[in-house]
Number of protein chains: 2
Amino acid sequence: MTPPLAIALHGGAGILKRSKLDAAADRDFRTALSAALDRGWDILQARGSALDAVETVTRALEDSPLFNAGRGSVYTSAGTHEMDAAIMSGREGDFGAVAGVTAVRNPVSLARAVMEQLDAVFLVGTGAGDFAHACGMAVEPPEYFHTTARVEQLESARRSNQTPLDHDAEVEKYGTVGAVALDAAGDLAAATSTGGITNKRPGRVGDSPVPGAGTFADNSTCAVSCTGEGEAFLRCCAAHEVAARMRHGGAGLAAAAHAVIHSTVPGKGGLVAVDRNGTVALPFNTEGMFRAWRTSGGRGGVAIYRGEQGETASPAERPWAH
Amino acid sequence: MTPPLAIALHGGAGILKRSKLDAAADRDFRTALSAALDRGWDILQARGSALDAVETVTRALEDSPLFNAGRGSVYTSAGTHEMDAAIMSGREGDFGAVAGVTAVRNPVSLARAVMEQLDAVFLVGTGAGDFAHACGMAVEPPEYFHTTARVEQLESARRSNQTPLDHDAEVEKYGTVGAVALDAAGDLAAATSTGGITNKRPGRVGDSPVPGAGTFADNSTCAVSCTGEGEAFLRCCAAHEVAARMRHGGAGLAAAAHAVIHSTVPGKGGLVAVDRNGTVALPFNTEGMFRAWRTSGGRGGVAIYRGEQGETASPAERPWAH
């Protein structure tokens, strides 16, 4: 029997209301999500590793100016970019993460270098930058990370003295990218990358790079990448809670993921998750979540809003996955 | 009926073999542990909060040069001190943490200021230092953190080009301090603080400040503070795993804590934990763990080695707690 394959990605939850995203922008987002997904799927189909697939997908999303990670990262209150990323293998529980990284083109690959080259698993601040330099990671000048829309968001946030802009740029509040995958060897992996929150205090770290909060993978349960209000996901260890509900509570992936997003997390956001059978879950409690997924069972899609296929309103009502 | 009270603390696991700790040092450690415990117990008895109790205990241990946190912090490979700390309330899940902090006398109090004064919950690096300055945290010059023994450890580690010194200074490998408490209002709290690992790469963060890894509290399950190989505790979300085994698996505190330390964590260390009934658990898989505890049920003690009261070799064999 052919082993199941599956991949899912997100480009952030808490997006613009449908009325505010024009047709051209809608198309651009879907094209970028689909292209990133294809790169990961090609790796899985060639019997590549889930780890390579999630890193490649996350790099593709980091390289796009559309998403709040890598090139498209938002500005801190100091007018700088501080990026966080993590990657985890479900086979041995290997993990690598970086936080507060500047200039590095692909923070997720720096996280993987931490995982593979160091005894440490979590490096922050200038120490992470020093390691990036030591291992020859590609870096970019500030102009690379400059996007006019992000500057406008920063200026708007400064005027209103807020980090979030609830009414018209919710996407910037919860912007993150991430991916999960199951490969032909039966291994799971997860990766997450973010620029954080517009106008954030320098040094602020959310859930994305934290094992068990924004990123988690364990072959016996699931791989999870979260997006949303980082502080809320951190406080409840959201990604690990999905795995715990499966391992200790006997829940299936869809029920566990749904419960965490709709009951456990004390805030807004969503996640993508995959289990060892290739089941995919994509729950969110926001207006929408940029997402794409594909399984060898024939499921797949690209979606943005609530009500499109792929959101799990209730796993009992919508056992669509796998 | 008088509500139960309980408090427990640790000063690190993976200590010297009994033969290497002379009588004077043994006495000094027990005196310091006991004094710190008393300060927390006094707060609980006066109907103070668990949050105040764990902060006060952790500050007392940070102020002692004997333990690897605050004043007694070990040196990084750069010859500096980088400290990490966290505090969490089980009532609302409020959390605050800092990592990579220099000069601050009491990192646990900076973590509490993050929790109480910011929207962010986790601040790292220079951003954490800037916040410490902004909120008037007491800082100390490098001499304050200087201890001859720590310098000798750094020089020894540099000579052998290792971070850990397995054979004769295991205490420095897993040095951490922390506390958990249950107060008269039924609230749980946990706090952890550390200087990390001798000769660590600047920027390296272990489990101590990470919610769900080294520190966790939730009134419906337990409060936990861990000590040990930080990377191992991070990868398995050790503290949150204790709570998950209780919430989703129906385990009691002693069984859950024992399973995490003796089965889940892929490395050496221990933890202190307390539940809403005032049960205390103190499991470790090392030669010993500096520890002290007291409950209104009449239990209490100060211990260092395996075989003294207070270690939970097996909860079935030793249902001593509470």
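The following paragraphs examine the structure supplied in this document. Position labels on residues start from 1 in each chain and follow its written sequence. Working convention: letters from A go to chains and numbers from 1 go to ligands, in the order in which they are written. The predicted nature of this model means local features are confined to residues of pLDDT at least 70 and side-chain atom pairs, given and counted, to a pLDDT of 80 or more, with totals for whole chains, interfaces and linings taken over all residues. Each side-chain value is worked out from all heavy atoms of the structure, with water and hydrogens disregarded.

**Section: the overall build of chain A**
When helices and strands are counted, chain A shows nine helices and twelve strands. Compactness check: chain A gives a C-alpha radius of gyration of 18 Å against a globular reference of 20 Å for 322 residues, within 12% of the reference. Taken along its principal axes, the extent of the C-alpha atoms in chain A is 55 × 45 × 35 Å. Expressed as a percentage of its 322 residues, the buried residues of chain A come to 65%. Once local pairs closer than 6 in sequence are excluded, the contacts in chain A between residues at least 24 apart make up 67%. Numbering of helices and strands starts at the N terminus; helices are DSSP runs of H or I of at least 4 residues and strands are runs of E of at least 2. For the radius of gyration, the atom set is restricted to C-alpha positions; the globular benchmark scales as 2.2 Å times the number of residues to the power 0.38. Only protein chains enter the accessibility calculation, which uses a 1.4 Å probe. A residue is then buried if its area is under 20% of the maximum for its type, exposed if over 50%, and partly exposed in between. Throughout, a contact is declared for two residues whenever any of their heavy atoms are within 4.5 Å.

**What about the pattern of salt bridges?**
Salt bridge, as applied in this entry: a Lys or Arg side-chain nitrogen positioned within 4 Å of an Asp or Glu carboxyl oxygen. This structure, assessed with the given rule, holds 24 salt bridges over all chains. Notably, a salt bridge pairs D187 of chain A with R91 of chain A, separated by 3.4 Å at the nearest N-O pair. Taken together, the positions of D187 of chain A in the loop between β5 (177–182) and β6 (188–194) and R91 of chain A in the loop between β2 (83–89) and β3 (95–101) put the pair 96 residues apart, joining distant regions of the chain. Salt-bridge contacts for R204 of chain B lead to E231 of chain B; the nearest nitrogen and oxygen are separated by 2.9 Å. Placement of R204 of chain B in the loop between β6 (188–194) and β7 (215–217) and of E231 of chain B in helix α7 (residues 230–235) is noted, with a sequence separation of 27 residues between them. Neither residue differs from the other here; R204 of chain B and E231 of chain B are each classed as buried. Salt bridges linked by common partners bring D52, E55, R112 and E116 of chain A together as one network.

**Describing the packing of aromatic side chains**
All names here are of chain A. Any Phe, Tyr or Trp ring, taking Trp's six-membered ring, that has another such ring centre within 6.5 Å forms a pair; planes under 30 degrees apart are called stacked, those over 60 apart edge-to-face, and the others tilted. Considering all chains together, one arrives at eight aromatic pairs over all chains under this definition. Aromatic pair F29 and F67: ring centres 5.6 Å apart, planes at 65°, arrangement edge-to-face. Taken as a pair, F29 in helix α1 (residues 23–45) and F67 in the loop between α2 (50–63) and β2 lie far apart in primary sequence, 38 residues in all. As far as the burial class goes, F29 and F67 line up, both buried. Three or more aromatic residues joined by ring pairs make a cluster, and in this case those are F29, F67 and F290.

**Observations regarding the interface of chain B and chain A**
Taken together, the contact between chain B and chain A spans 35 residues of the former and 35 residues of the latter. Buried area counts how much accessible surface, traced with a 1.4 Å probe, disappears from two parts once they are put together, with both parts' losses summed. Summing both partners gives a buried area of about 3000 Å² for chain B against chain A, and 65% of it is carried by carbon and sulfur. The three residues of chain B that bury the most area against chain A are R201, R235 and H248 of chain B, which together make up 22% of that side's buried surface. Remark: the boundary between chain B and chain A carries two salt bridges. Polar contacts, as counted here, are pairs of nitrogen or oxygen atoms within 3.5 Å of one another; within protein the pair requires one atom able to donate a hydrogen and one able to accept it, and residues that are adjacent in sequence qualify only if both atoms are side-chain atoms. The interface formed by chain B and chain A holds 13 residue pairs in polar contact (both at pLDDT 80 or more) in total. Elements that contribute at least two residues to the side of chain B that touches chain A include exactly β4 (122–124), α4 (125–134), α7 and α8 (238–247) of chain B. In terms of residue count, α8 of chain B provides more of the side of chain B that touches chain A than any other element does, five residues in total. Think of it as three bins: nonpolar holds Ala, Val, Leu, Ile, Met, Phe, Trp, Tyr, Cys and Pro, charged holds Asp, Glu, Lys and Arg, and polar takes everything else, Gly as well. Of the residues in the side of chain B that touches chain A, the class split is 18 nonpolar, seven polar and ten charged.

**Remarks on the sheet that holds β5 of chain A**
Strand pairing in a sheet relies on backbone hydrogen bonds. The paired strands run either parallel or antiparallel. Residue and element names in this part refer to chain A. Strands qualify as paired when DSSP identifies two bridges or more between them. Taking strand neighbours across the sheet as the criterion, the eight strands line up as β4-β3-β2-β6-β5-β1-β11-β12 in an open arrangement whose pairing is mixed. At either margin of the open sheet sits one strand with a lone partner, and together these are β4 (122–124) and β12 (300–305). Across the sheet, the axes of successive neighbouring strands diverge by a mean angle of 5°, strand direction being ignored. Summarising the sheet, strand β1 (residues 6–13) and β5 pair through five bridges and their orientation is antiparallel. Each bridged residue has a counterpart across the sheet, and for H10 the counterpart in β5 is G178. Together, β2, β3, β4 and β6 form the strand contacts of helix α3 (residues 107–117), whose direction differs from that of β3 by roughly 130°. Axes, fitted as lines to C-alpha atoms, cover a helix only where it is in contact. Angles between the N-to-C directions of the axes lie from 0 to 180 degrees.

**Section: the pairing of strand β8 (residues 222–228) of chain B**
All names here are of chain B. Counted residue by residue, β8 has seven buried out of seven residues, so it is predominantly covered. Of the two faces of β8, the one carrying C222, V224, C226 and G228 and the one carrying A223, S225 and T227 are both buried. Pairing geometry for β7 and β8, over three bridges, is antiparallel. Bridge pairing in β8 links A217 to A223. Between the antiparallel neighbours β7 and β8 lie four residues. Relative to strand β9 (residues 269–275), β8 is paired through seven bridges, and the arrangement is antiparallel. Residue pairing for β9: T227 is matched across the bridge by G270.

**Here's the deal with the relation of the copies chain B and chain A**
In superposing the copies, a least-squares fit is computed on C-alpha atoms, taking residues whose pLDDT is at least 70 in both. Mapping chain B onto chain A calls for a rotation angle of 180° and an axial translation of 0.0 Å; the resulting RMSD is 0.0 Å. On the angle and the small slide along the axis, the relation comes out as a two-fold axis. A symmetric contact is evident, with 100% of the interface residues of chain B recurring at the interface of chain A.

**Describing the nonpolar core**
In this text, buried Ala, Val, Leu, Ile, Met, Phe, Trp, Tyr and Cys residues form a nonpolar core when linked through side-chain atoms within 4.5 Å. If you look at the biggest cluster of nonpolar residues, it comprises 102 residues, and the most contacted ones within it are F122 and V242 of chain A together with F122 and V242 of chain B. Aside from chain neighbours lying at most four places away, what touches V242 of chain A is C222, V224, L253, A256, A257, V260 and L271 of chain A.

**A look at the packing of α8 of chain B against helix α9 (residues 253–264) of chain B**
When two helices pack together, you describe them by how their axes are tilted relative to each other and by the distance separating the axes. Residues and elements named next belong to chain B. Relative orientation of the contacting elements α8 and α9 amounts to 135°, with a least axis distance of 9 Å. Compared by their axis directions, α8 and α9 come out oblique. For the pair α8 and α9, the sense of crossing is right-handed. Residues A238, E241, V242, R245 and M246 of α8 form the contact with α9, whose participating residues are L253, A256, A257, A259, V260 and T264. Its residues placed into classes, the contact of α8 with α9 shows eight nonpolar, one polar and two charged. Angle categories: roughly parallel below 35 degrees, roughly antiparallel above 145, roughly perpendicular from 65 to 115, and oblique for all the rest. By definition, turning the near helix anticlockwise from the far helix through less than a right angle yields a left-handed crossing, and turning it clockwise yields a right-handed one.

**Here's the deal with the side chain of E62 of chain B**
Residues and elements named next belong to chain B. Tracing the sequence through the fold places E62 in helix α2 (residues 50–63). As a buried residue without a salt bridge, E62 has its nearest oppositely charged side chain in R59, at a separation of 6.0 Å. A polar side-chain atom of E62 sits 2.6 Å from a polar atom in the side chain of S193. His residues and chain termini do not enter the charge count, which takes Lys and Arg as positive and Asp and Glu as negative.

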